[in-house]
Amino acid sequence: MRELVNTAQSQAWNGDEGRHWSDHHDRWNAINEGFNGPLLAAAGIGPADRVLDVGCGAGQTTRLAARAAARGSALGLDLSNPMLDRARLLAAEEGLSNIGFEQGDAQVHPLAEAAFDVAMSRFGIMFFADPTAAFGNIARALRPGGRLAFVCMADPARCEWVQAYGAVSAALPSVPQASGDSAGPGMFSLADPATVRLVLGKAGFDDVRTEAVDALGNFGPNADAAAEHLLGSGPGRHLVELLDSAGDGEAAQRVRSALRAALAPYERAAGVHMRTAAWLVTAVRQ
């Protein structure tokens, strides 16, 4: 990366978190792909558009954008080298020639001015150290009148898998309870629509709109598999680390058992399906 200010997120997404998402990209897509249709419809990608996919991860949405912009192009931007390696491999396997990927911090990455018609993101824009600066950089990369469309997490109380984590914390008294503060980079940093409108307005966007969207995601074939998957991600590892720091020598097993119990009510023959609540946000560059 040529420039970097979001160092903490870079360490996470180039470390265990990035490797977990890369290695299990198919499972994460099964969890999040219910938002692809609403996101692409909102982005309104034309056949000759130039698309920027921010926080593209392993590139599923970038590949969808490249297909929609068959005579244009799609560029995926992400902090995570492990996920970008996966994204390039998958794009090559699908024979997409109008697609590219760059490793970079969206807050400061040197994107060419007015180089894109559309900027989009599926859950890749909640982790900025300075959201106004990051969205300002994205705005400059859009042509005047260019479109922004993204999906971000909404109220955690409406997310069933977040509530499952909460049940685990409640079942394990030695785990310090989270404050619920959404300040700073994190999943719920843009959960308040008023914050979204304020940030995007300062960053150079007009006509900011937010729409509530929900989708069911497949977290695994059964509660055991879903618990194992979630324990490999940041929130799951964080619970284990909290117990470790409290002197619990069987932290991983205790969290696994509690998480399995919290997921069991969602298990059906077709797998463990839980709801994610999000905001679909659209805006136009001033």
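Look a little higher up for the structure.
Report follows, based on the coordinates. (Residues numbered from 1 in each chain as written. Predicted model: local features only at pLDDT ≥ 70, side-chain atom pairs only at ≥ 80, totals over all residues. Heavy atoms only, no water.)

Looking at the overall build of the protein
A tally of regular secondary structure across the protein gives 12 helices and 8 strands. In the protein, buried positions account for 51% of the 286 residues. Summarising the internal contacts of the protein: among those between residues at least 6 apart in sequence, 80% fall at separations of at least 24. For the protein, the accessible surface area stands at approximately 12000 Å², while carbon and sulfur atoms represent 51% of it. (Helix = DSSP H or I, 4+ residues; strand = E, 2+ residues; numbered from the N terminus. Buried < 20%, exposed > 50% of the residue type's maximum accessible area, 1.4 Å probe, protein only. Contact = heavy atoms within 4.5 Å. Areas by Shrake-Rupley, 256 points an atom, 1.4 Å probe, with all protein chains shown as cover.)

Details of the side chain of S22
The residue S22 is located in helix α2 (residues 16-23) in this model. A relative accessible area of 6% means that S22 is categorised as buried. If we ignore the near neighbours within four places in the chain, the residues touching S22 are P82, M83 and R86.

Re the nonpolar core
I125, F135, F150, L200, F205 and L263 are the most contacted members of the largest nonpolar core, which totals 85 residues. Per-element accounting of this core gives the leading share, 8 residues, to strand β8 (residues 271-285). Contact partners of F135, with chain neighbours within four places excluded, come to I125, F128, L148, F150, L190, V199, L200, A203 and F205. (Core = buried A, V, L, I, M, F, W, Y, C linked by side-chain atoms within 4.5 Å.)

Quick look at the packing of aromatic side chains
The full count for this structure, using the stated rule, is 6 aromatic pairs. Plain terms: the ring middles of W161 and Y165 are 6.3 Å apart, the flat faces sit at 80° to each other, and that makes the pair edge-to-face. Linking W161 with Y165, this pair stays in helix α8 (residues 160-171), spanning 4 residues, or about one helical turn. The pair formed by W161 and Y165 is uniform in burial state, with each residue classed as buried. Three or more aromatic residues joined by ring pairs form one cluster here, namely F128, F135 and F150. Sitting over the face of the ring of W279, R158 holds its NZ or CZ atom 5.9 Å from the ring centroid. (Phe/Tyr/Trp six-rings, centres within 6.5 Å; stacked < 30°, edge-to-face > 60°. Lys NZ or Arg CZ within 6 Å of the ring centre and 35° of its normal.)

Some remarks on the pattern of salt bridges
Within the structure shown, the criterion is met by 12 salt bridges. R86 serves as the salt-bridge partner of D23, at 3.8 Å between the closest nitrogen and oxygen. Of this pair, D23 sits in helix α2 while R86 sits in helix α6 (residues 81-93), and the two are 63 residues apart along the sequence. The class of R86 is partly exposed, set by a relative accessible area of 24%. The partner of D207 in a salt bridge is R209, and the shortest N-O contact between them spans 2.9 Å. A network of salt bridges, in which partner residues are shared, links R50, D117 and R143. (Salt bridge = Lys/Arg side-chain N within 4 Å of Asp/Glu carboxyl O.)

Quick look at the environment of F116
Looking at the element boundaries, F116 is found in strand β4 (residues 116-122). A relative accessible area of 9% places F116 in the buried class. Note: C-alpha distance between F116 and D49 (67 residues apart in sequence) is 7.5 Å. Here F116 is in contact with R50, V51, L52, L75, L111, A141, L142 and R143, once residues within four sequence places are set aside.

Things to note about the packing of helix α7 (residues 131-141) against helix α9 (residues 193-203)
The contact between α7 and α9 brings their axes to 8 Å, and the two run at 50°. The angle between α7 and α9 places the two elements in the oblique class. Our pair here, α7 against α9, has a crossing hand that is right-handed. For the pair α7 and α9, the contacting residues are P131, T132, F135, G136 and A139 in the first and V199, L200, K202 and A203 in the second. Split by residue class, the contact of α7 with α9 holds 6 nonpolar, 2 polar and 1 charged. (Axes fitted to C-alpha atoms, helices over the stretch in contact; angles between N-to-C directions. Parallel < 35°, antiparallel > 145°, perpendicular 65-115°, else oblique. Left-handed = near helix turned anticlockwise from the far one by under 90°. Nonpolar A, V, L, I, M, F, W, Y, C, P; charged D, E, K, R; others polar.)

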